[in-house]
Structures are given as structure tokens and as C-alpha cells.
Amino acid sequence: MNEHSTTKLSTTPQSVAQRLREGMARGVLSFPLTSMDSDGGLDLESYRSYLTAQLAAQPGAVFPACGTGEFFSLDEEEYRAVIRVTVEVADGRLPVVAGTGYGWAQSLRFARIAEEEGADALLVMPHYLVEASQDGLVEQLRRLSAGTRLPLIAYQRGQVTFRADALRRIAGIPTVIGLKDGHSDLDRLQRLTLAAPDGFLFFNGAATAEIQARAYATVGVPAYSSAVHAFAPEIANAFFTALRERDDTAVDRLLREFYVPLVELRDRAPGYAVSLVKAAARLRGLPVGPVRAPLTDPGPEDIADLEKVLDAGLDLVRATRHRP
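Residues numbered from 1 in each chain as written. Predicted model: local features only at pLDDT ≥ 70, side-chain atom pairs only at ≥ 80, totals over all residues. Heavy atoms only, no water.

As for the overall build of the chain
Let me state the cut-off plainly: Here a strand is any run of E in DSSP of at least two residues, a helix any run of H or I of at least four, and the numbering for each starts at the N terminus. The size measure is the radius of gyration over C-alpha atoms, and the globule rule it meets is 2.2 Å times the number of residues to the 0.38 power. For each residue, the accessible area found with a 1.4 Å probe, counting protein chains only, is set against the maximum for its type, and the residue is called buried under 20%, exposed over 50%, and partly exposed in between. Per-residue and other accessible areas were derived by the Shrake-Rupley procedure at a 1.4 Å probe size, with only the shown protein chains allowed to occlude residues. Counted charges follow a simple rule, with Lys and Arg positive, Asp and Glu negative, and His plus the chain ends left uncounted. To locate a charge, take NZ of a lysine, CZ of an arginine, CG of an aspartate or CD of a glutamate.
Within the chain, the secondary structure is distributed over 13 helices and eight strands. Whereas a compact globule of 324 residues would reach a radius of gyration of roughly 20 Å, the chain reaches 19 Å, a difference of no more than 12%. Taking all 324 residues of the chain together, 56% fall into the buried category. By element, 50% of the accessible surface of the chain is carried by carbon and sulfur atoms, the whole surface being about 13,600 Å². Averaging the locations of the 35 positively and 41 negatively charged side chains of the chain gives two centres separated by 4 Å.

The following block contains the structure:
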């Protein structure tokens, strides 16, 4: 058991939610990449180095081993190692929200590992393969909540979509503290925010959240995760500041000259929401390595275009390009 875990067990869902609320108000949410070596093995020393740089950019919270971190490709011992290193590097300075997923039984195995290693909360990613009723989605969270002390954030994306009545029911589970939205259906999301109790957390989890950040804010969801923070925190932080200060000129320019071209490049191939991010990190000289199958790394033409987009974004924020 990690040395941090004995203190984490006494942390209440309310106190974790408050820490997350404060973090979400001051910065983007970091979803770090998981470093692999050239053979696809886990590279923990590189991950530690990469994560240290990520946290130096002062995100509001860190979410290891989630979608961007290739949770779906990690076995349980690799997952344990990633969470352990993240907790050590974070050292209590900001909340650590570990990913978990699959059916509730397997999800609970990962949840208990995260609890043992000292994580503060869990992001519950969509279950595997099958469609499910609203009752089933609620029961999934109830069973997971019953098996771990850690607070839970539900993630609606893919085959998981909550209606307002189900949202009220999951919000009534004492350890469920929030919802990450990846559908970008603002009509439905507005209904969910109105149905939720005071203090329930929401954040924008679209694939490139900055594109829709202003729209999400209009329905009461200003906080967001940032894949760009995983490779260019200078750009992510510049956008966050411009958005918070309502500098529409700066927001529009960043969207037009960096984020929209990045999204158009991301849409060229399945899996680019992760593999393109990792490729961009490698262009910055960050030690993240390749993606694991079934994802594939971008080819030379897409890498060349990515380099142009990245340089344009860095030029906008007057950052220095660090080549490997």
C-alpha cells in the first residue's frame, strides 16, 4: 500500500469535491499520457519525468490512466505503477483522479488499486461493449460505490448517456460527486445541470474541449479537460486565461489558427484523439513513446502537418519549440 493511502481513506467526498472545484476554477484538468518504450512496454522513469513537467504547468487536477493515458491498454500491475508514480509526483498539491472502467466487477478491481495507491477519486469511464438501460447505468455506479471509499465522477460518452431522472439518482449516491460530459449535446446537458443538486460537479470532456468551451459555459459548465495540455501546456493555459478574462479576440485567434486545424487533423483517422496527442508530445521532445495497439501512430504526412499546426500554436503564445 502507498504511504499516502492511510490519510486518503479519511478524506470525504465533500472535501475532494471542494478541492476539485477550486482546481477547476484556476486551471485546466490534466489528462497525462502514459509513457511507453519503443517495444510498447511501460516506461515509468520517463512517465515520472513527463508528469513532473505537466504538473509544473499548474493544472487544476490530474487524471492519470484515463482515455488519453491509454487505460484500456494497461494491465492491473501497470495501472498500479502509473497511479503510484502520479500520487508521488503530485505529493498532495492537487487532486489525483484515477481512471477506471469496464463492467462493475473489473472496474472495482482497478478502483481498489487506486485506493491502495492513494488516489483521491475515480473517473468512471464507459463500460465495455453493450448498451444499457438507465437503471443499469445507475446500478453500475451503486455497485462500484459500495466497493470503494473513493469519490466517483461518472463519464457519459459513447454508449453511456444519462437522463435527468438517472442523474438525480446517481447524485443521490453519497460518493458520486460529478459528471464528465463527452457528448456535447448542450440541450441534454442543460437539463442535467438543472436537475443536479447544488455542488454537483460538471466538466466538459469533449475530445478537444476548447472548441466548445464557450458553448459549455453558457449552460453552466465552464470547467474542461484539455488534451492540448498533454503536449503544449503553454497553449492550453493561454486559451484558459483568454477565456476566463473574456478576451474574445485571443480566444478566436487561438481557435482559428490552432485548435480548428488540430481538430481537422485529428479527424483524419480513428484513434487520433490519443495517438496524435502522443505524436505532438514527441515533437516537443517529451518522453512519452508510441501508442499501444489497437491504436496506431500517425504516418509521415500527418506528422508533417501536425508539426505545422503545433508551431503555429506555439508562435501564437510566443513559446519556444523544444526539439528532441
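On we go.
As for the packing of aromatic side chains
Rules: Ring geometry is summarised as follows: Phe, Tyr and Trp rings, the Trp one being its six-membered ring, pair when their centres sit within 6.5 Å, and such pairs are stacked at plane angles under 30 degrees, edge-to-face over 60 and tilted between the two. Comment: the charge-over-ring label is applied if NZ (Lys) or CZ (Arg) is within 6 Å of the ring centre and within 35 degrees of the ring normal.
Overall, the coordinates contain twelve aromatic pairs when judged by the stated rule. Seen in terms of ring centroids, Tyr79 and Phe110 are 4.8 Å apart; in terms of plane orientation they differ by 80°. Their pairing is edge-to-face. Here Phe110 lies in helix 5 (residues 104-116) and Tyr79 lies in helix 4 (residues 76-90), a separation of 31 residues in the sequence. Exposure remark for Tyr79: the relative accessible area of 0% places this residue in the buried category. Each ring, one from Tyr224 and one from Phe239, has its centre 6.4 Å from the other, and the planes form 80°; the classification is edge-to-face. Placement of Tyr224 in the loop between helix 9 (213-218) and strand 8 (225-226) and of Phe239 in helix 10 (residues 233-244) is noted, with a sequence separation of 15 residues between them. Ring pairing ties together the aromatic residues Tyr224, Phe239, Phe240, Phe258 and Tyr259, which thus form one cluster. The lysine or arginine in question, Lys180, covers the ring of Tyr155, its NZ or CZ lying 4.3 Å from the ring centre.

Examining the packing of helix 4 against helix 5
To keep things clear, this is the line we draw: Axes, fitted as lines to C-alpha atoms, cover a helix only where it is in contact. Angles between the N-to-C directions of the axes lie from 0 to 180 degrees. By definition, turning the near helix anticlockwise from the far helix through less than a right angle yields a left-handed crossing, and turning it clockwise yields a right-handed one. Should any heavy atoms of two residues lie within 4.5 Å, those residues are counted as being in contact. Residues are sorted three ways: Asp, Glu, Lys and Arg are charged, Ala, Val, Leu, Ile, Met, Phe, Trp, Tyr, Cys and Pro are nonpolar, and all the rest, Gly among them, are polar.
Viewed as axis vectors pointing N to C, helix 4 and helix 5 meet at an angle of 35°, and their least axial separation amounts to 9 Å. Here the hand of the crossing between helix 4 and helix 5 comes out right-handed. Between helix 4 and helix 5, the residues in contact are Glu76, Tyr79, Arg80 and Ile83 and Gln106, Arg109, Phe110, Ile113, Ala114 and Glu116, respectively. Looking at the contact of helix 4 with helix 5 residue by residue, the class counts come to five nonpolar, one polar and four charged.

Re the pairing of strand 5 (residues 152-156)
Basically, it comes down to this: Strand pairing is defined by DSSP finding a minimum of two bridges between the two strands. Orient the strands so they point away from the viewer; a crossover is then right-handed if the path from the first strand over the helix to the second runs clockwise.
A large share of strand 5 lies buried, amounting to five of its five residues. Here strand 5 shows two buried faces, one formed by Leu152, Ala154 and Gln156 and the other by Ile153 and Tyr155. Pairing of strand 4 (residues 121-124) with strand 5 involves three bridges; the strand directions are parallel. Residue pairing in the sheet places Leu123 in a bridge with Ile153 of strand 5. Following the backbone out of strand 4, through helix 6 (residues 134-147) and into the adjacent parallel strand 5, one traces a crossover that is right-handed. As for the winding sense of the linkage, the β-α-β connection from strand 5 through helix 7 (residues 164-171) to strand 6 (residues 176-181) is right-handed.

Some details on helix 2 (residues 13-26)
This is how the line gets drawn: Working rule for helices: expected span equals 1.5 Å times residues minus one. What the arc covers is the set of directions going from the helix axis to the C-beta atoms.
For helix 2, built from 14 residues, the straight-helix expectation of 20 Å at 1.5 Å per residue is met to within 8% by its first-to-last C-alpha distance of 20 Å. When helix 2 is considered as a whole, its buried residues turn out to be Pro13, Val16, Ala17, Leu20, Gly23 and Met24. The buried residues of helix 2 occupy an angular sector of 125° when the element is viewed end-on, so they sit on one face. In helix 2, those exposed residues whose orientation departs by more than 90 degrees from the buried face are Gln14 and Ala25.

Structural notes on the sheet that holds strand 2 (residues 61-62)
Taken in spatial order, the three strands of this open sheet run 2-1-8, and their pairing is parallel. At either margin of the open sheet sits one strand with a lone partner, and together these are strand 2 and strand 8. When strand 1 (residues 29-30) meets strand 2, the two strands line up parallel, connected through two bridges. For Ser30, the partnering residue across the bridge sits in strand 2 and is Val62.

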